[in-house]
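Architecture and fold: a report
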Amino acid sequence: LDHLGALKPQELSNMVWAFSKAESSHPHMFGKVADHITELDHLGVFKPQELSNMTWTFAKAEVSQPSMFGKVADHVVALDHLRAFNPHNLSNMVWA
């Protein structure tokens with residue numbers, strides 16, 4: 001978990017999704033991923049689906065990470081348009 005910076009956004013998203021899907025509780029791992037995302041300079045490298053999957057996964061796993069959710073929300077709100085987000089991406093993020 002000390003090398004999260006070496007993972008691509010999709011790899012991070014897939015990793016937390018897999019733990020959630022397996023119903024495997026691993027609060028330390030979720031916390032490390034959330035801290036990593038929160039500490040990034042920007043989220044521009046994340047595709048809409050990766051952000052959507054990430055936020056949905058944290059919510060589904062019932063992992064509260066207000067700083068990470070706030071950073072994602074700030075990123076989405078700051079975008080000039082939401083065309084890159086399909087309705088499913090947006091609904092997952094709003095639900096999360």
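Notes on the structure follow. (Residues numbered from 1 in each chain as written. Predicted model: local features only at pLDDT ≥ 70, side-chain atom pairs only at ≥ 80, totals over all residues. Heavy atoms only, no water.)

1. What to know about the overall build of the protein chain
Within the protein chain one finds five helices and zero strands. Start at the N end of the protein chain and walk to the C end: the helices and strands fall as α-α-α-α-α. Expected size for 96 residues packed as a compact globule is a radius of gyration near 12 Å; at 12 Å, the protein chain falls within 12% of this value. Seen along its three principal axes, the alpha-carbon backbone of the protein chain occupies a region of about 35 × 25 × 20 Å. (Helix = DSSP H or I, 4+ residues; strand = E, 2+ residues; numbered from the N terminus. Rg over C-alpha atoms; globule rule 2.2 N^0.38 Å.)

2. Let's talk about the environment of Asn53
By the secondary structure assignment, Asn53 is in helix H3 (residues 48-60). Residue Asn53 is classed as partly exposed on the basis of its relative accessible area, which comes to 23%. Put simply, Asn53 and Met68 are 15 residues apart on the chain and 13 Å apart in space, counted from C-alpha to C-alpha. (Buried < 20%, exposed > 50% of the residue type's maximum accessible area, 1.4 Å probe, protein only.)

3. Focus on the environment of Asp2
Note that Asp2 resides in the segment before helix H1 (9-21). Under the relative-accessibility criterion, Asp2 is labelled exposed at 66%. C-alpha separation for the pair Asp2 and Ser64, spaced 62 residues apart in sequence, amounts to 21 Å.

4. Observations concerning helix H5 (residues 87-95)
Along H5, the residues that are buried comprise Asn89, Asn92 and Met93. The buried residues of H5 occupy an angular sector of 95 degrees when projected down its axis, which confines them to one face. Of the exposed residues in H5, the ones pointing more than 90 degrees away from its buried face are Pro87, His88, Val94 and Trp95. Here the buried face of H5 lies against H3 and helix H4 (66-78). (Arc of directions from axis to C-beta. Contact = heavy atoms within 4.5 Å.)

5. Focus on the nonpolar core
Ranked by size, the top nonpolar core spans 19 residues in total, and within it Val16, Val33, Ile37, Phe46, Leu51, Met54 and Phe58 carry the most contacts. Where this core is concerned, the elements lending two or more residues are H1, helix H2 (27-39), H3 and H4. Ranked by the residues each element gives to this core, the list is headed by H2, at five residues. Excluding its chain neighbours within four sequence positions, the residues that come into contact with Met54 are Leu12, Ser13, Val16, Val33, Ile37, Phe46 and Met68. (Core = buried A, V, L, I, M, F, W, Y, C linked by side-chain atoms within 4.5 Å.)

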